[in-house]
Amino acid sequence: MAPRNNRKADLLQGLPRRQRRHIGARAGDGLLAAMVTMTRTANKRDGELRTGRVTVRRRPQRGFYDHETVAAILDATFLCHVGIVVDGQPYVIPTSFGRDGRRLYIHGSAASRTLRHLSRALPICVTVTLLDGLVLARSAFNHSMNYRSVVVLGEASLVEGEEKLRALEIMSEHIIPGRWAQVRAPTEAEMRATSVLKIDIAEASAKIRSGPPLDDEEDLGWPCWAGELPFTVERQPPIPDPKLPAGVAAPDYVTAAGHRPRPDSAR
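The rules behind these values
- Residue numbers here run from 1 along each chain, matching the order of that chain's written sequence.
- Per-residue local features of the predicted model are confined to residues with pLDDT of at least 70, and side-chain atom pairs are confined, for both listing and counting, to 80 or more; whole-chain, interface and lining totals are unaffected and use all residues.
- No hydrogens and no water enter the side-chain calculation; it runs on all heavy atoms of the structure.
- A helix here means a DSSP run of H or I that spans at least four residues, while a strand means a run of E at least two residues long, and both kinds are numbered starting from the N terminus.
- When accessible area is computed with a 1.4 Å probe and restricted to protein chains, residues below 20% of their type maximum are described as buried, those above 50% as exposed, and intermediate ones as partly exposed.
- Pairs of residues are marked as contacts when any of their non-hydrogen atoms sit within 4.5 Å.
- All accessibility values rest on the Shrake-Rupley procedure with a 1.4 Å probe; residue burial counts only the protein chains present in the view.
- Only buried residues count toward a nonpolar core. Its members are Ala, Val, Leu, Ile, Met, Phe, Trp, Tyr and Cys residues joined through side-chain atoms within 4.5 Å.

This part covers the overall build of the protein chain. Looking only at helices and strands, the protein chain has eight helices and ten strands in total. Per-residue burial over the protein chain gives 36% buried out of 267 residues. Contacts in the protein chain between residues at least 24 apart in sequence constitute 69% of all its contacts with a sequence separation of at least 6. Surface accessibility of the protein chain: about 16600 Å² in total, with carbon and sulfur atoms responsible for 56%.

What follows is the structure, encoded as structure tokens:
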């Protein structure tokens, strides 16, 4: 067992100095871990990415505004939806993206009308949703879903030059790490035909729902099954291209069950 002072220091690590002093002076051994956990959760729910525009209004206890939580959800997928308004008409387009620290790179075609407008540094909204399961309640009204979602607001601008090539690599590695090093690099014509946009993660929120149904007390005796129906997204075995030459085996990053951890420098 670690000495008391070492354990206390480990628990308090990462908290702001003011909070470390406050908790350390007031919490005994029995309350220390609980107070630290509550403080860390409160910090996430009042984090540096929070503004009035992204504050969760419905079920606010499910909202988080710290970069760590937002980044973890973004890193769990590579499909986002981008919302813009062009000449008074709203558009929402699905596309792939990659994250580099506190910046998102968004992929598109140079021929896309919506992305041509985005290149003018227009305000946009980027959303990501991960469905973790259905929540089956005893009443129709209280059915729900377990999910993790992110909303990012800001202005997108066009990426050019060396940053554009680097952004394409970041997106490729975000989707399937290891692929970029093996494939042919883009030609100049392919680069001209591709648009890449960037937006800083400076104003964002995450919203998370997990756990069983929240039935009304008077419905708990209702004679039907209630609970959670979890969902997962899994890779299936790879299917080789019929034109693949004999002897070219699928690399480890294709046959692996999941994504490799992202390097610390990208977090």
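From this point, the discussion proceeds with the structure in view.
Mapping Met145 onto the fold places it in strand S6 (residues 144–155). In this structure, the C-alpha to C-alpha distance between Met145 and Glu228, residues 83 residues apart in sequence, is 8.6 Å. Apart from residues no more than four positions distant in its own chain, Met145 is found in contact with Leu131, Gly133, Leu134, Val135 and Arg209.

With that out of the way, let us pick up the nonpolar core. If you look at the biggest cluster of nonpolar residues, it comprises 24 residues, and the most contacted ones within it are Val70, Leu74, Leu104, Ile124 and Val126. Mapped by element, the contributors of at least two residues to this core are helix H4 (67–74), strand S2 (79–86), strand S4 (103–109), strand S5 (123–136), S6, strand S8 (194–200) and strand S9 (204–209). Residues Tyr105, Ile170, Met171 and Val196 belong to the second largest nonpolar core, which totals eight residues.

In this structure, Arg59 is a non-glycine residue whose phi angle is positive, near 55°. As for its placement among the helices and strands, Arg59 is situated in the loop between helix H3 (29–45) and strand S1 (63–64). On the basis of relative accessible area, Arg59 is assigned to the partly exposed category, the value being 35%. Positive phi values are uncommon outside glycine, yet Asp87 reaches one of about 55°. Tracing the backbone shows Asp87 in the loop between S2 and strand S3 (89–100).

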